[in-house]
Structures are given as C-alpha cells and as structure tokens.
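Here is how the chains run, residue by residue.
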Amino acid sequence: MKRKDILYSGKAKSVYTTDDADRLILEFRDDTSAFDGEKVEQLARKGRVNNYFNAFIMQKLAAAGIENHFIERISDNESVVRRLEMLPVECVVRNLAAGSLCRRLGIEEGRELKPPVFEFFLKNDALHDPMINESHIRTFGWATDEEVAQMQSLTLAVNTVLRDLFAAGNMLLVDYKLEFGRYQGRLLLGDEFSPDGCRLWDAQTREKLDKDRFRQGLGGVIEAYEEVAHRLGIPLD
Ligand code: ADP
Ligand code: UDP
C-alpha cells in the first residue's frame, strides 16, 4: 500500500490517504513535542521505536478483544490503519498520581489511585487541552452518550490488559491517553499507544521510562523507550 495525499501533519505523526478510501497510512516522525507543542525536538529513532511499539500494543489489544484501527506495519516508520472519524476528546486513565493530576489537585506524585481515575480532555492545543466532563461532551455534541460510555469502558478494559503486560516487564503503567473514532457505525480505538502518550516507571526504582524524560529534560529519552521495548520483547530490527 502506497501513500497518496497528505491529510494532516500533527506534532508527531503525518497522516496520508491511500488508494483505499477506508485506509490511511500513519507516518511516525522523529519530532518530539511537549507542553502543547511549545517544546519541540527531533530525537533520532523515535518514529521507528514508536511505530514498532504501537504495532505490538495494538495487536495485543486486538487479541484481547479491544477492536482498534491498526492493520499492519509496512515500514520502519509507517503503519496502515482504518480511517476513523476521530472524536475530539482524549481519554486518560491513571493508576498512580502524576502530571496534571498532581498540579490540579495537589496530590503527591506516585500515590496509588484505587479505583483508577478516568478523565476526559478536549483535544485542542490552542486551549491547552482543557479537562471536560460528560455534560460538556453531551451539550457540545463531541460524542453521543453511548460513545461516552463506550470510551469509558474500553479505556478501562485497556488498563486491565496493559497493566499486566507492563508488570510482566517489571514496569508500572502510571497513566495513559487514548483517542477513539467512528468506523462503519462502531467506535474503534485509534491514534497510538507508545511511551509518548503514557507514563511508565520501573517497578522497583520508579525511574521514569517515558516522555517525562523529554518534558523534564532528564535525557536518555529514546534509550528509555528502547529499554521498555526490550523488556516487552519487542524486536526493533
Ligand atoms: P496531534 O494531532 O495531537 O498533533 P499526531 O501528530 O499524533 O497528533 O497526529 C496524528 C493525528 O491523526 C491525530 O490528530 C489523530 O487524532 C489522528 N488519527 C489517528 N488515528 C487516526 C485514524 N485511524 N483515522 C483518522 N485520524 C487518525
Ligand atoms: N497525554 C498525551 N497527550 C496529551 C495530554 C496527555 O498523550 O495531549 C498523556 C500523557 O503522556 C500522560 C497522560 O496522558 O501519560 C496524562 O497526562 P497529564 O494530564 O498528566 O498531562 P501532562 O502532565 O502530560 O501535561
């Protein structure tokens, strides 16, 4: 399958149409951004690691019954996916307190969250992705009530699968962000799952192995992503 026209170029990926109207090619670039695009750098190998990582996770999720857009990885930096009508919301689940939850509520980083916290954010960089709730989604028509319920149950179902997967690699899945879209009358998981959109800590030392290394200027960003891939047994060549 070959790229046709560029449909969209985001902060980390470019999206291309193909000869098949139902399929897109996602290109994972080396661009790395934080703080709604304020901090941007090129990190060698990032696009490739995230493409391999995402392919592995999406296949694991599909095998666990969580339908998603992933079809196949076709090169180091590209994968074919189903073309979704994306909903403009981000779904976040948190198992341990970190990031904006700590800043917003004054909770100490690392506190265990039982049951896990679920949050919706509006996907809008200009507004800095504000937190929203079901009432906003209903009033502004960003998703139907049924889709809201599905996003909540699917995002939590992902937690059950991935917490165990990362635990087997001696890692804690601290939090993560998912995006969903409509496809032939169904709601499918879209976008990506990679260390760019989740927090992963070493289970013993709590060393950060995700994009917080970039956000906080800790260095060794891609080395950490590769370490996570290695612990999960994802072959990177
Ligand atoms: P951003 O838009 O946040 O800068 P990216 O650089 O990752 O993010 O861009 C990828 C874009 O592609 C996102 O806007 C995402 O919602 C969209 N997208 C992801 N998967 C699909 C899909 N299967 N169909 C259509 N759009 C998708
Ligand atoms: N996240 C993301 N994209 C966003 C916002 C958040 O992938 O636009 C991820 C982030 O990597 C983390 C989780 O969602 O794993 C929760 O992020 P948080 O709300 O703590 O925001 P942050 O501190 O990253 O601004």
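This text follows the structure it describes.
A brief report on the enclosed structure follows.

Parameters at a glance
Residues numbered from 1 in each chain as written. Chains lettered and ligands numbered in written order. Predicted model: local features only at pLDDT ≥ 70, side-chain atom pairs only at ≥ 80, totals over all residues. Heavy atoms only, no water. Core = buried A, V, L, I, M, F, W, Y, C linked by side-chain atoms within 4.5 Å. Buried < 20%, exposed > 50% of the residue type's maximum accessible area, 1.4 Å probe, protein only. Helix = DSSP H or I, 4+ residues; strand = E, 2+ residues; numbered from the N terminus. Contact = heavy atoms within 4.5 Å. Near = heavy atom within 4 Å. Polar contact = N/O pair within 3.5 Å; in protein donor to acceptor, adjacent residues only side chain to side chain. Areas by Shrake-Rupley, 256 points an atom, 1.4 Å probe, with all protein chains shown as cover. Nonpolar A, V, L, I, M, F, W, Y, C, P; charged D, E, K, R; others polar. Pairing = 2+ DSSP bridges. Axes fitted to C-alpha atoms, helices over the stretch in contact; angles between N-to-C directions. Parallel < 35°, antiparallel > 145°, perpendicular 65-115°, else oblique. Left-handed = near helix turned anticlockwise from the far one by under 90°. Expected span 1.5 Å × (residues − 1). Arc of directions from axis to C-beta.

Describing the nonpolar core
For step 1, the next point in the chain: If you look at the biggest cluster of nonpolar residues, it comprises 41 residues, and the most contacted ones within it are Phe53, Ile57, Met151, Leu162, Phe166, Phe193 and Leu232.
For step 2, the next point in the chain: Within the residue set of this core, elements represented by two or more residues are α1 (46-63), β9 (89-96), β10 (112-122), α4 (145-168), β12 (171-178), β14 (186-189), β15 (198-202) and α6 (221-232).
For step 3, the next point in the chain: At seven residues, α1 tops the list of elements feeding residues into this core.
For step 4, the next point in the chain: If near-sequence neighbours (up to four positions away) are discounted, leucine 232 is found in contact with Phe53, Phe56, Ile57, Leu165, Phe166 and Met171.
For step 5, the next point in the chain: Among the nonpolar cores identified, the runner-up in size contains seven residues, and Leu43, Phe214, Val221 and Ile222 belong to it.

Here we look at the site of ligand 2
For step 1, the next point in the chain: Ligand 2 sits among 17 residues. The nearest are Arg94, Ser100, Asp175, Arg199 and Arg215.
For step 2, the next point in the chain: At a separation of 2.7 Å, an oxygen atom of ligand 2 approaches a polar side-chain atom of arginine 94.
For step 3, the next point in the chain: Within the contact set of ligand 2, an oxygen atom lies 2.9 Å away from a side-chain nitrogen or oxygen of arginine 199.
For step 4, the next point in the chain: Protein contacts shield 81% of the accessible area of ligand 2, which totals 510 Å² for the unbound molecule.
For step 5, the next point in the chain: For the shell around ligand 2, the elements supplying multiple residues, two or more each, are β9, α2 (99-105), β12 and β15.

Remarks on the site of ligand 1
For step 1, the next point in the chain: Taken together, 16 residues lie around ligand 1, and Tyr8, Lys11, Ala12, Lys13 and His69 are the ones closest in.
For step 2, the next point in the chain: The contact in question runs from an oxygen atom of ligand 1 to an N or O atom on the backbone of alanine 12, over 2.7 Å.
For step 3, the next point in the chain: Here arginine 82 contributes a backbone N or O atom positioned 2.8 Å from a nitrogen atom of ligand 1.
For step 4, the next point in the chain: Residue composition of the shell around ligand 1, by class: seven nonpolar, two polar and seven charged.

Points about the side chain of asparagine 54
For step 1, the next point in the chain: Mapped onto the elements, asparagine 54 comes out in helix α1.
For step 2, the next point in the chain: According to the relative accessible area criterion, asparagine 54 is buried, its value standing at 1%.
For step 3, the next point in the chain: From its side chain, asparagine 54 meets the backbone nitrogen of phenylalanine 193 in a polar contact 2.8 Å long.
For step 4, the next point in the chain: For asparagine 54, the contacting residues outside a window of four places in its chain are Phe28, Phe70, Asp191, Glu192 and Phe193.

A short note on the sheet that holds strand β2 (residues 13-17)
For step 1, the next point in the chain: Strand order in the open sheet formed by five strands is β1-β2-β3-β7-β6, and the pairing between neighbours is antiparallel. On the outer flanks of this sheet lie β1 (6-9) and β6 (70-73), each paired with one strand and no other. Between one strand axis and the next, the sheet turns by 25° as a mean value, whatever way the strands run.
For step 2, the next point in the chain: Strand direction decides the pairing type here: β2 and strand β3 (residues 23-28), joined by five bridges, are antiparallel. From the neighbouring strand, serine 14 faces β3, where its bridge partner is glutamate 27.

Details of the packing of α1 against α6
For step 1, the next point in the chain: Viewed as axis vectors pointing N to C, α1 and α6 meet at an angle of 30°, and their least axial separation amounts to 10 Å. Between α1 and α6, the interaxial angle falls into the category roughly parallel. The two elements α1 and α6 cross, and the hand of that crossing is left-handed. Contacts between α1 and α6 involve Lys46, Val49, Asn50, Phe53, Phe56 and Ile57 from the former and Ile222, Tyr225, Glu226, Val228, Ala229 and Leu232 from the latter.
For step 2, the next point in the chain: Broken down by class, the residue content of the contact of α1 with α6 amounts to nine nonpolar, one polar and two charged.

What about α6?
For step 1, the next point in the chain: Look at α6: 17 Å from first C-alpha to last across twelve residues, which is about the 16 Å you get at 1.5 Å a residue.
For step 2, the next point in the chain: Looking at α6, one finds that the buried residues are Val221, Ile222, Ala224, Tyr225, Val228, Ala229 and Leu232. One face of α6 carries all of its buried residues, which in axial projection span an arc of 160°.
For step 3, the next point in the chain: Next to the buried residues of α6 lie α1, α4, β12, β15 and α5 (212-215).
For step 4, the next point in the chain: A positive phi of about 80° marks glycine 233, the residue just after α6.

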